[in-house]
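Analysis of the macromolecular model
Read off the chains here:
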Amino acid sequence: ESYVFTAVNEDKVLNLTSSLCNYIPAAYTQTCKDMVMEYGRTALSAIEAKLNPQLVCTAMGQCDKASLTAALTGLPKETTCAPCKQTMTELKQQTEEMFRWWQ
């Protein structure tokens with residue numbers, strides 16, 4: 001959890017979100033950017049307070065009951081580490097592709 005919600009990552013999310021404001025009518029672009037900068041960190045804090053590994057894992061469709069039980073009961077890393085690393089690698093690739101698309 002602490003890996004996701006770092007100042008660097010929050011800045012990246014806010015900057016990306018702010019850049020989306022360029023796609024709305026010009027009359028509202030600056031207002032949109034101001035709102036992102038004014039309320040973005042508050043929104044991210046609210047999201048962080050609500051997120052937990054089980055919720056994220058389930059939302060991503062990565063946790064069947066056995067996997068979730070394994071993660072929550074502290075099975076050895078040998079049992080859970082490889083699938084987790086694979087999922088994180090795939091997410092990293094997808095995120096990088098998304099950022100390249102927006103640039």
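Residues numbered from 1 in each chain as written. Predicted model: local features only at pLDDT ≥ 70, side-chain atom pairs only at ≥ 80, totals over all residues. Heavy atoms only, no water.

Some words on the confidence of the model for the protein chain
Formally: The pLDDT value expresses, per residue, how confident the predictor is, ranging between 0 and 100. Helix and strand definitions here come from DSSP, where helices need a minimum of 4 consecutive H or I residues and strands a minimum of 2 consecutive E residues; each element is numbered from the N-terminal end.
Mean pLDDT over the protein chain: 75, with 57% of residues reaching 70 or higher. Mean pLDDT in the protein chain bottoms out at helix α4 (residues 65–72), which sits at 61, and peaks at helix α1 (residues 7–20), which reaches 89.

Some details on the state of the cysteines
Disulfides are covalent bonds that connect the sulfur atoms of two cysteines. Going by this rule: A pair of cysteine sulfur atoms is labelled a disulfide when the two atoms are within 2.5 Å.
Inspection of every chain in the model, using the stated rule, returns 1 disulfide. Cys21 shares a disulfide with Cys32; S-S distance 1.9 Å. With the S-S dihedral at roughly -65°, the linkage between Cys21 and Cys32 falls on the left-handed side. Of this pair, Cys21 sits in the loop between α1 and α2 (26–50) while Cys32 sits in helix α2; the two residues are 11 residues apart in sequence, bridging distant segments of the chain.

Considerations on the side chain of Ser18
Let me state the cut-off plainly: Contacts are residue-level and defined by heavy atoms, with any inter-residue pair within 4.5 Å sufficient.
Topologically, Ser18 is positioned in helix α1. Setting aside residues up to four positions removed in sequence, Ser18 forms contacts with Lys33, Val36 and Met37.

Considering α2
Test applied: Take the number of residues in a helix, subtract one, and multiply by 1.5 Å to get its expected span. Fitting axes to the seven residues ending at a residue and to the seven starting there, one defines the bend at that residue as the angle between these axes. Throughout, exposure labels follow a simple rule: accessible area from a 1.4 Å probe, protein chains only, divided by the maximum for the residue type, with under 20% read as buried, over 50% as exposed, and the rest as partly exposed.
A rise of 1.5 Å per residue sets the reference length of α2, with its 25 residues, at 36 Å; its end C-alpha atoms lie 34 Å apart and thus fit the reference within 8%. The largest bend along α2 measures about 50° and falls at Tyr39. Among the residues of α2, Thr29, Val36, Gly40 and Leu44 are the ones counted as buried. Contacts from the buried residues of α2 go to α1.

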